[in-house]
Amino acid sequence: KANHEKKLQSLEDLALELSKVGRHKFRSKTNQLEKFAANFDQFDSYFLPIDDIAPSFSSYVHFIRGIAAHYGNEPDIAMAHLKKVISTHRTENVDEVSHKRILATAYYYLGLIESNFGNLQNSIAFFDQGNTLMSPHIDFFTQIVTAESYVFNSEFSEAEQLLDKV
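Residues numbered from 1 in each chain as written. Predicted model: local features only at pLDDT ≥ 70, side-chain atom pairs only at ≥ 80, totals over all residues. Heavy atoms only, no water.

Visitor: Help me understand helix α3 (residues 59-71) in this model?
Guide: Since the α-helix turns once every 3.6 residues, residues separated by three or four places project in the same direction. When the terminal C-alpha atoms of α3 are compared, their 18 Å separation across 13 residues agrees well with the 18 Å that a helix rising 1.5 Å per residue should span. With 12 of 13 residues buried, α3 is to be regarded as a mostly interior element. Within α3, burial applies to Ser 59, Tyr 60, Val 61, His 62, Phe 63, Ile 64, Arg 65, Gly 66, Ile 67, Ala 68, Ala 69 and His 70. Its side-chain oxygen 3.2 Å from the backbone nitrogen of Tyr 60, Ser 58 forms the N-cap of α3. Immediately downstream of α3, the backbone of Asn 73 shows phi near 60 degrees, a positive value. (Helix = DSSP H or I, 4+ residues; strand = E, 2+ residues; numbered from the N terminus. Expected span 1.5 Å × (residues − 1). Buried < 20%, exposed > 50% of the residue type's maximum accessible area, 1.4 Å probe, protein only. Polar contact = N/O pair within 3.5 Å; in protein donor to acceptor, adjacent residues only side chain to side chain.)

The structure is reproduced here in structure tokens:
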């Protein structure tokens, strides 16, 4: 059990550290994300079958595992973990700004995945949710990606409204 707790804490610490990376800078951290994914998967497969010490991961762990899966071209795994992130509530040890940023980033990556598979309505819904959380501080690139989904979905006036803000 002590080994379980030590490995869980190690995953939590690394996830917390990686969660501080800006949304558009994860691409430069792919080696760290791959290592995190491998450690998570090893931990999950080893301890999951043991009922009395089944892991209880924070939203940070699910967030980083989802981001790692996105960059590892594992969209189903990314979706599963990122959806866990957006369904969690802020805990007392996470400040509101950090929680909103992580939620907005999770919505952003969910939007990207949906867009990659041509599910434009879902993509737009995820982007809009994330943008709402970050309003009025939506970054340029996120606005462009959101507008692109609107264009691909033939919603030109919505895309134009977004681009007017850029």
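Visitor: When you look at the packing of helix α6 (residues 120-134) against helix α7 (residues 140-152) in this model, what are you seeing that I'm missing?
Guide: The packing of two helices is summarised by the inter-axis angle and the distance between the axes. It is the contact of α6 with α7, at a shortest axis distance of 9 Å, that shows an interaxial angle of 150 degrees. The angle between α6 and α7 places the two elements in the roughly antiparallel class. Judged by the twist between their axes, the crossing of α6 over α7 is left-handed. Judged by residue contacts, Leu 120, Ser 123, Ile 124, Phe 127, Asp 128 and Asn 131 of α6 engage Thr 142, Val 145, Thr 146, Ser 149, Tyr 150 and Phe 152 from α7. Looking at side-chain class alone, the contact of α6 with α7 contains 6 nonpolar, 5 polar and 1 charged residues. (Axes fitted to C-alpha atoms, helices over the stretch in contact; angles between N-to-C directions. Parallel < 35°, antiparallel > 145°, perpendicular 65-115°, else oblique. Left-handed = near helix turned anticlockwise from the far one by under 90°. Contact = heavy atoms within 4.5 Å. Nonpolar A, V, L, I, M, F, W, Y, C, P; charged D, E, K, R; others polar.)

Visitor: Hey, could you run me through the packing of aromatic side chains in this one?
Guide: For any pair of aromatic rings, geometry is given as the distance between the ring centres together with the angle between the planes. Considering all chains together, one arrives at 8 aromatic pairs under this definition. Residues Tyr 71 and Tyr 109 carry aromatic rings whose centres are separated by 5.9 Å and whose planes lie at 70 degrees to one another, so their mutual orientation is edge-to-face. In this pair, Tyr 71 sits in helix α3 while Tyr 109 sits in helix α5 (residues 96-116), placing the two residues 38 residues apart along the sequence. Look at Tyr 109 and you get buried, because its relative accessible area is 1%. Ring geometry for Tyr 108 and Phe 127: centres 5.9 Å apart, planes at 50 degrees, overall tilted. Of this pair, Tyr 108 sits in helix α5 while Phe 127 sits in helix α6, and the two are 19 residues apart along the sequence. A residue is classified by how much of its surface remains accessible, and Phe 127, at 1% relative accessible area, is buried. (Phe/Tyr/Trp six-rings, centres within 6.5 Å; stacked < 30°, edge-to-face > 60°.)

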